Amino acid sequence: MAASESSQTRSTISLEVFRYRPDQEDEPTLQHYAVPYRTDWVVLDALNYIKDQLDGTLSYRWSCRMGVCGSCGMMVNGEPKLTCAAFLRDYYPNPIRVEPLSYFPVIRDLVINMDDFVRKLGEVKAWLIPKEEKPVSEGEYLQTPAELAHYKQFSMCINCMLCYSACPVVGHDPDFIGPAAIALAQRYNLDSRDGGADERGEAIFSHEGIWKCTFVGDCTRVCPKNVDPAGAIQQAKVAATEDWFRSVLVPWGKK
Ligand code: SF4
Ligand code: FES
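A brief structural summary. Here, residues in each chain are numbered from 1, in the same order as that chain's written sequence. For naming, the first written chain is A and the first written ligand is 1, with later ones following in the order written. Since the coordinates come from a predicted model, pLDDT governs what is reported: local features require at least 70, and pairs of side-chain atoms require 80 or more to be given and counted, while whole-chain, interface and lining totals use all residues. As a rule here, side-chain values come from all non-hydrogen atoms in the structure, and water together with hydrogens is ignored.

### Some words on the nonpolar core
Link 1 in the chain: Residues belong to one nonpolar core when they are buried, are Ala, Val, Leu, Ile, Met, Phe, Trp, Tyr or Cys, and are joined through side-chain atoms within 4.5 Å. Think of it in three bands: residues with accessible area under 20% of the maximum for their type are buried, residues over 50% are exposed, and the middle band is partly exposed, with areas taken using a 1.4 Å probe on protein chains only. With 64 residues, the main nonpolar core has Leu 15, Leu 47, Ile 96 and Leu 110 as its most contacted residues.
Link 2 in the chain: With 6 residues, the single largest contributor to this core is helix α7 (residues 179-189).
Link 3 in the chain: Residue contacts are defined here by distance: any two heavy atoms, one from each residue, within 4.5 Å place the two residues in contact. Filtering out sequence-adjacent residues up to four positions away, Leu 110 remains in contact with Val 17, Phe 18, Leu 47, Leu 58, Ser 59, Tyr 60, Met 74, Val 98, Glu 99 and Pro 100.
Link 4 in the chain: Counting residues in each nonpolar core, the second largest holds 7 residues, with Tyr 151, Phe 154, Cys 223 and Val 227 among its members. Secondary structure is summarised from DSSP: a helix means a run of H or I of at least four residues, a strand means a run of E of at least two, and numbering begins at the N terminus for each.

### A look at the packing of α7 against helix α10 (residues 229-249)
Link 1 in the chain: Convention adopted: a line fitted to C-alpha atoms gives each axis, helices being fitted over their contacting stretch, and angles between N-to-C directions are expressed from 0 to 180 degrees. Between α7 and α10, the least distance of the axes is 8 Å, while the angle of their chain directions is 60°. If you check the angle between α7 and α10, you find them oblique. Relative to α10, α7 is oriented so that their crossing is left-handed. Contacts from Pro 179, Ile 182, Ala 183 and Gln 186 in α7 reach Pro 229, Ala 232, Ile 233, Gln 235 and Ala 236 in α10. By definition in this entry, angles of less than 35 degrees are roughly parallel, angles greater than 145 are roughly antiparallel, angles of 65 to 115 are roughly perpendicular, and the rest are oblique. Rotating anticlockwise by less than a right angle from the far helix to the near helix defines a left-handed crossing, while the corresponding clockwise rotation defines a right-handed one.

### Observations concerning the site of ligand 1
Link 1 in the chain: Each residue is tested against the molecule or strand, and it is near if at least one of its non-hydrogen atoms lies within 4 Å. The immediate surroundings of ligand 1 are formed by Cys 157, Ile 158, Asn 159, Cys 160, Met 161, Cys 163, Ala 180, Cys 223, Pro 224, Val 227 and Pro 229.
Link 2 in the chain: Gly is placed with the polar residues, together with every amino acid not listed as nonpolar (Ala, Val, Leu, Ile, Met, Phe, Trp, Tyr, Cys and Pro) or charged (Asp, Glu, Lys and Arg). When its residues are assigned to classes, the shell around ligand 1 shows 10 nonpolar, 1 polar and no charged.

### Looking at the pattern of salt bridges
When the charged atoms of two side chains with opposite charge come close together, those side chains can pair.
Link 1 in the chain: Any carboxyl oxygen of Asp or Glu within 4 Å of a side-chain nitrogen of Lys or Arg constitutes a salt bridge here. One pass over the full model with this rule turns up 17 salt bridges.
Link 2 in the chain: Across the pair Lys 125 and Glu 199 runs a salt bridge, and its minimum N-O distance is 3.2 Å. Highlighted residues: Lys 125 in the loop between α3 (115-123) and α4 (145-151) and Glu 199 in helix α8 (residues 197-204), separated in sequence by 74 residues.
Link 3 in the chain: A relative accessible area of 39% places Glu 199 in the partly exposed class.
Link 4 in the chain: The shortest N-O distance in the salt bridge between Asp 173 and Lys 212 comes to 2.5 Å. Of this pair, Asp 173 sits in the loop between α6 (168-172) and α7 while Lys 212 sits in the loop between α8 and α9 (218-222), and the two are 39 residues apart along the sequence.

### A word on the pairing of strand β1 (residues 12-19)
Link 1 in the chain: Within β1, 6 of the 8 residues are buried, leaving the element largely enclosed by the surrounding structure.
Link 2 in the chain: One bridge is not enough; two strands pair if DSSP finds at least two bridges between them. In this structure, β1 lies alongside strand β5 (residues 96-99), joined through 3 bridges in parallel fashion. From the neighbouring strand, Val 17 faces β5, where its bridge partner is Val 98.

### Describing the side chain of Lys 237
Link 1 in the chain: Here Lys 237 is to be found in helix α10.
Link 2 in the chain: Charge convention: Lys and Arg are scored as positive, Asp and Glu as negative, and His as well as the terminal groups of each chain are ignored. Asp 228 provides the closest opposite charge to the buried, unpaired Lys 237, separated from it by 12 Å.
Link 3 in the chain: In this structure, Lys 237 is in contact with Ile 210, Trp 211 and Cys 213, ignoring residues within four places of it in sequence.

### Observations regarding the layout of surface pockets
Link 1 in the chain: Taken as a whole, the second largest pocket spans an internal volume of roughly 150 Å³.
Link 2 in the chain: Only protein atoms enter the 1 Å grid used here. Points where a 1.4 Å probe fits but cannot escape make up a cavity, open sets with protein on both sides within 12 Å along at least five of seven lines make up a pocket, and a residue lines them when an atom lies within 4 Å of a point. Considering the residues around the second largest pocket, the lining is formed by 13 residues, among which Pro 80, Lys 81, Leu 82, Ala 85 and Ala 86 are closest to the centre.
Link 3 in the chain: Breaking the lining of the second largest pocket down by element, the ones donating at least two residues are β4 (79-82) and α9.
Link 4 in the chain: Broken down by element, the lining of the second largest pocket gets its largest block of residues, 4 residues, from β4.
Link 5 in the chain: Tallied by class, the residues present in the lining of the second largest pocket amount to 9 nonpolar, no polar and 4 charged. Grid points are joined across faces, edges and corners, and a volume is the space filled by probe spheres set on the points.

Keep in mind these numbers describe shape, not what the thing actually does.
Structure representation (structure tokens):
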């Protein structure tokens, strides 16, 4: 073993990991594990070490290990994080507590049920609704770089749901459509090829939509892809207010 590697693996770091099987246990518990400390390891590496070397019963989600798939989100010392991007060195020598994302039901250990989030994506119709249909023979729906720039930031979302776990409004009212779903709706509303804004409006402007947001901004702070969901929600509020004024002042001009 090389000298630098040897010095990296000599010490250990303590992980306090949330364990819960709701079908078999009344209450969650915290289980403590000592994991080799390496400066190039992330929390996900430590969980994989536990799974492979110490306790194969631990359950958690991950896939890409590179901040792309959005599946490894967990609470790390109380903060929503992608565990594949949370380095042990940022916590060492203190213990690291790993828990499931807040405000989601737990299926088992660190695995949450994301059905409600998927339902919300459906409610806001987070997909392109073409303004005009044309045959394939007529070619692509082209966009200028400026038109792309208009929504690109909101298209970077990886559905990791960290923003939901950071949002106190979601914590208070789980029916709130929430940051990512609204940011994704805004992504399509701002797309020059899209004509679905009115269809999305029903959910976005509903009682559970944008007006619930109190602009705490924690969703944007924790977002690993700089999507700025808080900004998307405020943009949608401004657009809704402009529409309302237009409908009152120029009712004959309303679409
Ligand atoms: S907006 Fe950011 S934090 Fe929220 S789901 Fe998308 S990538 Fe994750
Ligand atoms: S494992 Fe894919 S984002 Fe972390």
